Amino acid sequence: MDRESDHKELQMKEEDSVAEILGNDIVEDIIMPSLGADMTEGMLVEWLVKPGDPVKRGDVIAVIETQKGAIDMEVYHTGVISEILHEPIVTLPVGTVMARVTLTEPGERAKVTPLDSVTVTPLDSISLTHVETSTPLASPVVRKMAMDQRLDLTEVKGSGPLGAILLRDLSGSNIDRTNAIEVDDAINTKKAMRGAIASAMSKSKNEIPHFYQSLDIELGNALQWLKRTNEDRAPDQHILLLALLLKAAAKALMKYPDLNGFYQNNQFVHAEEIHIGNVISLRQGGLVVPAIHNVDKLSVDETMEAIRDISVRGRSGHLRSSELTDATITITNMGERGTDTVFGVIYPPQVAIIGFGKVRETPQLVDGDLVNSEVMSVCLSADHRVIDGMLGAKFLNALSKQLQKPELL
Amino acid sequence: MKIQEIKVVLMKAIQEIAPEIELEDIDVDEDLRDECDLDSMDFLNYLIEIKKLTGVKITEGDYQNVNTFKKMVAYLEQKTE
Amino acid sequence: MNAQTLTYREALRAGIEQALEDDERVFLMGEDVGRYGGCYAVSKGLFDYYGEQRIIDTPLCESGFVGVGIGAAMGGLRPIIEVMTVNFSLLAMDQIVNSAATLRHMSGGQFNIPVVIRMACGAGRQLAAQHSHSWENFYAHIPGLKVLSPGTHTDARHMLGQALRDPDPVIIFEHVMLLNESGEVSEAPEADMESALVRRLGDDVTLITYGGSLHKALDAADKLAEINISAEVVDLRCLRPLDTDTFLSSVAKTHRAIIIDEGWKTCGLAGEISAIIMEQGFWSLDAPVKRVCTAEVPIPYPSHLEQAALPQAEQIVEMAQAIMEGR
């Protein structure tokens, strides 16, 4: 049927069919609207009215979710909501009666606009102009975070005055730099992640005067200790070398806190807590860098548990926004299948990244005898605006010292 | 457990970590970590998954007996007899 | 470190005594400071011990004796001038603003003015509008002055000594409602006089205040803790120069700030601090900066109206709740 030409006829038919006359009251159905030719159903997310509420034509009465995103649903009659027939959250076919409104204005019926004809064409243009022109209201700190981390705020529902997005609206939601831009499409996600990595790394290499130092750290004791400790442990109690490395790094940072913090507004701001970001490479490509919080306060077992937790959630995409934003230093770990050394790129505004190479066996001279020794090259990339070589050297040696007594970590 | 069952369980454990891997992608005589591109954390999670599914606890001492797909099948077959 | 418990008044007196003991160039001068023992009894007993050469009663003429003090400082002495209340200091404002604050600059550094001027300030004792106002902001406006506001007993005890060691004129505000309160005094100052101090750690909102409003902010922080709002309290201590780093780094952590100031809101210190946060800490804010100040009326005489006009802990709590809820 050609909608436009049959417009008038439809309007009359619809009015006859949907309006009931109960005594003197005229009741109209409120139906799931069609927001485009391809739409067959919509999800009722929230009612903004309840039975007994007066409404007038044009009021927003519900939020519905469609392929085009969340849409504010308007009412086309002036009256009082008399019945709510479906409770959120529920998916309903287009045309389903969702609620009823009792008309209050005499002659209201004559002005009734058929639902279909109003909603079909204009909605595309409405949602387009909405996207193009409106920047969501957001507090300064949220706007800064959005800019730094390339968050897309248009999908975030604000809880502040006038619907402004506040800090709390970000935490707890799944917004993060990896899935912020268009979540439903894997290719877009990958693109967005590449973009985020590209911008952070370019910024780092453009702005941060990196310098690099490397120390071969003897890991015999640490590996022996791990072997003894893990001997009888079930896989879920198993401790990986990385846990010791993290703990040792945290302890060395306590001694040399000038590597732990941020370079902001032309000065170094020391971070009170030690949140270590861990580079996790994703199977589909790209990486995430979730932080383990307060590593200095965790036991080795707790650190291991935290590593397990973030690596599982990191790969399944369930990281919390705080974990992706508050690392105070980063660690990149090549693991046993990686390379001997890794010279990391600092993640701004942090001032250092520690790169752990793979453990390798090397001959060493001890008292004139050749012995087998297990060694790892640890590389520190540091921001020379904040850190000097002597400090870096002290830090690496402190790290090495920590790893010689794994039982004390 | 029958060999067939063990293979199903192993694939399930592997796909939990690496969903894109199929049985025919794996050379059963080669190191599984290389075959499936698993790091040490992945391998640990694979062992945890196996423990969940079969109850068999594999400790570090036995790692060299389970490092290929084939060896793992034999190991589990023996342990679940 | 040994701590002793003193009233705020006793702590001030101990500070003056030590200054008199440590340096014979120091003397105390003001209306009724000698034989009467001070209008607020701060200098009680000092006249009998130190005599009229060092504890000097003056006529009721603020512009005169403040001017004499400035001259004495230029001549090499270390005067402590007591002005009965900040309200009367307006009579000496020409001496303070046009002479004390400017002479070092105008003499090309040839003369500095190491004078300390102490003034009682604040409302709450039903002394009516002419004796109850807070003019800290007037003095904090003037380059060449340093302005201190001891809000704790330890600061009351030690800030005078720090001020006397400063080569430039220092104004110290002593809030009248604190005088009878007892509190711990530690043996040494907690910080240099120009540093702000975080008096309580918190994560959700920073309460920035000074002097007589400090304990109100701390009370409010206690009440807020009961409803799971963690407030950090910053005591400014020094109103000129302002230690901006301390409150900016606190706001960078909490993302929210409320300034509590017994002065009026219009053209006051709270507005200045708010502007600094806006200029230097804007990108860390998650809510508009708020102010809790005295109602814009001359301080009323009747007790209930006086209390209604002043900032109170309940208002701070309510304001903090409102910004936490995004209202």
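Along each chain, the written sequence defines residue order, and numbers are assigned to residues from 1. Ligands are numbered from 1 and chains lettered from A, in the order in which they are written. Two thresholds apply to this predicted model, a pLDDT of at least 70 for residue-level local features and 80 or more for giving and counting side-chain atom pairs, whereas whole-chain, interface and lining totals are computed over all residues. Hydrogens and water are ignored here; the side-chain numbers use all heavy atoms of the structure.

Inclusion rule: UniProt positions are given in the numbering used here, feature names are shortened, and annotations may be inferred rather than shown by experiment.
Naming follows an unreviewed UniProt entry, where chain C appears as 2-oxoisovalerate dehydrogenase subunit beta of Shewanella atlantica. The UniProt entry for chain C carries the following text under Cofactor (unreviewed entry): "thiamine diphosphate". The Function (unreviewed entry) field of the UniProt record for chain C holds the comment "The branched-chain alpha-keto dehydrogenase complex catalyzes the overall conversion of alpha-keto acids to acyl-CoA and CO(2). It contains multiple copies of three enzymatic components: branched-chain alpha-keto acid decarboxylase (E1), lipoamide acyltransferase (E2) and lipoamide dehydrogenase (E3)."

Within an unreviewed UniProt entry, the label attached to chain B reads Acyl carrier protein, and the organism entered is Shewanella atlantica.

## Digging into the pairing of strand β11 (residues 261-264) of chain A
Residue and element names in this part refer to chain A. Applicable threshold: Here, a strand pair is defined by DSSP locating no fewer than two bridges between the strands. Think of it this way: any DSSP run of H or I at least four residues long counts as a helix, any run of E at least two long counts as a strand, and we number them from the N terminus.
Where β11 meets strand β12 (residues 267-270), 4 bridges bridge the pair, whose relative direction is antiparallel. Residue pairing in the sheet places Y263 in a bridge with F268 of β12. Between β11 and the antiparallel strand that follows it, β12, lie 2 residues; N265 among them carries a positive phi value of about 50°.

## A few points about helix α5 (residues 140-149) of chain A
In plain terms, the rule: Burial here depends on accessible area, computed with a 1.4 Å probe over protein chains only, as a share of the maximum for the residue type. Under 20% is buried, over 50% is exposed, and the range in between is partly exposed. Any two residues having at least one pair of non-hydrogen atoms within 4.5 Å are treated as being in contact.
Looking only at α5(A), the buried set comprises A:P140, A:V141, A:V142, A:M145, A:A146 and A:Q149. The inward-facing, buried residues of α5(A) abut α6 (167-170) of chain A.

## Focus on the environment of A:I274
As for its position among the elements, A:I274 is in the loop between β12 and β13 (276-278). Those residues within four positions of A:I274 in sequence are excluded, and the remaining contacts are A:A250, A:L253, A:M254, A:N260, A:I292, A:H293, A:N294, A:V295, A:D296 and A:T328.

## Structural notes on the nonpolar core
In plain terms, the rule: Note on terminology: a nonpolar core comprises buried Ala, Val, Leu, Ile, Met, Phe, Trp, Tyr and Cys residues joined through side-chain atoms within 4.5 Å.
Of all hydrophobic cores here, the largest spans 81 residues; its most connected members are A:L259, A:L399 and B:Y46. Among the elements that line this core, the one with the most residues is helix α9 (residues 241-255) of chain A, at 11 residues. For A:L399, the residues in contact, after removing those within four places along its chain, are A:I217, A:L245, A:A248, A:A249, A:A252, A:F356 and A:V378. Membership of the second largest hydrophobic core comes to 50 residues, among which are C:M84, C:V115, C:Y139 and C:F247.

## Overview of the interface of chain A and chain C
To keep things clear, this is the line we draw: By definition, the buried area sums, over both parts, the 1.4 Å-probe accessible area that each loses when the two are put together. Whenever a carboxyl oxygen of Asp or Glu lies within 4 Å of a side-chain nitrogen of Lys or Arg, that contact is scored as a salt bridge. We define a polar contact as two N or O atoms separated by no more than 3.5 Å, with the added condition that, inside protein, one atom must be a possible hydrogen donor and the other a possible acceptor, whereas residues neighbouring each other in sequence contribute only through side-chain atom pairs.
Taken together, the contacts link 12 residues of chain A with 10 residues of chain C. Taken together, both faces of the contact between chain A and chain C bury some 890 Å²; the carbon and sulfur share is 59%. It is A:P140, A:V141 and A:R168 in chain A that bury the most area against chain C; as a group they hold 47% of the surface buried on that side. At the boundary of chain A with chain C, the tally comes to 0 salt bridges. Applying the counting rule to chain A against chain C returns 5 residue pairs in polar contact (both at pLDDT 80 or more). Taken together, the elements giving at least two residues each to the side of chain A that touches chain C come down to α5 and α6 of chain A.

## Section: the confidence of the model for chain C
Interpreting fine coordinate detail is not advised for predicted regions of low pLDDT. What counts, and what does not: Each residue gets a pLDDT score, which is the predictor's confidence in that residue and runs from 0 to 100.
Confidence in the prediction of chain C, expressed as mean pLDDT, is 95, and 99% of residues score 70 or more. On the interface metric, ipTM, the complex scores 0.85, and its pTM is 0.50.

## Describing the packing of aromatic side chains
Pairs of aromatic rings are described using the distance from one ring centre to the other and the angle between the two planes. Here is the rule: Under the pairing criterion, centres of Phe, Tyr and Trp rings, with the six-membered ring standing for Trp, must be within 6.5 Å; the plane angle then separates stacked pairs below 30 degrees from edge-to-face pairs above 60, leaving the rest tilted. Placement of a charge over a ring requires the Lys NZ or Arg CZ to be within 6 Å of the ring centre, with the centre-to-atom vector within 35 degrees of the ring normal.
Evaluation of the coordinates by the stated rule reveals 8 aromatic pairs over all chains. Summarising the aromatic geometry, the rings of C:W135 and C:F138 are spaced 4.6 Å apart at their centres and angled 25° between planes, so their arrangement reads as stacked. Judged by relative accessible area, which is 13%, C:W135 ranks as buried. Ring geometry for C:F282 and C:W283: centres 4.9 Å apart, planes at 85°, overall edge-to-face. Judged by relative accessible area, which is 43%, C:W283 ranks as partly exposed. Every member of this aromatic cluster is reached through a ring pair, and the members are B:F43, B:Y46 and B:Y63. Over the ring of A:Y263 we find A:R385, and its NZ or CZ is 3.8 Å from the ring centre. The lysine or arginine in question, B:R33, covers the ring of B:F43, its NZ or CZ lying 4.2 Å from the ring centre.

## Points about the interface of chain B and chain A
Chain B puts 23 residues into the contact, and the matching count from chain A is 20 residues. Regarding the contact of chain B and chain A, the summed buried area is about 1700 Å², with carbon and sulfur atoms giving 49% of it. Of the charged contacts in the structure, one is a salt bridge between B:K51 and A:D236, with a shortest N-O distance of 3.7 Å. Applying the counting criterion to the chain B and chain A interface returns 2 residue pairs in polar contact (both at pLDDT 80 or more). Sorting the residues of the side of chain B that touches chain A by element identifies α2 (32-36) and α3 (40-54) of chain B as the ones contributing at least two each. Per element, the largest residue contribution to the side of chain B that touches chain A is 8 residues, and it comes from α3(B).

## Describing the side chain of A:H238
Note on placement: A:H238 falls in the loop between α8 (220-230) and α9. Non-local contacts of A:H238, meaning those with residues more than four positions away in its chain, are made with A:N230, A:R233, A:M304, A:R308, B:L44, B:E60 and B:Y63.

## Digging into the sheet that holds strand β5 (residues 116-121) of chain C
Residue and element names in this part refer to chain C. For clarity, the threshold we go by: As a rule, the C-alpha atoms of each element are fitted with a line to give its axis, helices using only the stretch in contact, and angles between N-to-C directions run from 0 to 180 degrees.
What the 7 strands build is an open sheet, ordered β3-β2-β4-β5-β7-β6-β12; its pairing is mixed. Both edges of this open sheet fall to β3 (55-57) and β12 (238-240), since each of them pairs with a single strand only. Between one strand axis and the next, the sheet turns through 20° on average, direction left out of account. Lying on the sheet, helix α1 (residues 8-22) is in contact with β2 (26-30), β3, β4 (78-85), β5 and β7 (170-175); it crosses β7 at an angle near 150°. Of the strands in this sheet, β2, β4 and β5 are in contact with helix α3 (residues 62-74), which crosses β4 at around 165°.

## Re the pairing of strand β19 (residues 360-366) of chain A
All names here are of chain A. In terms of strand pairing, β19 meets strand β20 (residues 369-383) through 7 bridges, oriented antiparallel. Looking across to β20, one finds that P363 is bridged to N372. Following β19, the chain reverses through 2 residues before pairing antiparallel with β20; D367 in that reversal takes a positive phi of roughly 50°.

## Examining the pattern of salt bridges
All names here are of chain A. Scanning all chains against the criterion turns up 28 salt bridges over all chains. Here E305 ties to R308 by a salt bridge, and the two come within 3.6 Å at their closest N and O atoms. Placement of the pair is E305 and R308 together in helix α10 (residues 300-316), with a separation of 3 residues, close to one helical turn. Relative accessible area serves as the criterion here: at 44%, E305 is assigned to the partly exposed category.

## With respect to the sheet that holds strand β11 (residues 231-235) of chain C
All names here are of chain C. Ordered by their spatial adjacency, 5 strands build an open sheet running β9-β11-β10-β13-β14, and the pairing between neighbours is mixed. With one partner strand each, in any of the chains shown, β9 (197-200) and β14 (290-294) form the two edges of the open sheet. The average undirected angle you get between the axes of adjacent strands in this sheet is 25°. Lying over the sheet, helix α13 (residues 313-324) contacts β10 (205-209), β13 (257-264) and β14, oriented at roughly 165° with respect to β14.

## Focus on the side chain of C:K146
Residue and element names in this part refer to chain C. When you line up the elements, K146 lands in strand β6 (residues 146-148). K146 sits in the buried class, given a relative accessible area of 16%. When neighbours within four sequence positions are excluded, K146 is seen to be in contact with D166, D168, P169, V170, I171, M193, E194, R240 and P241.

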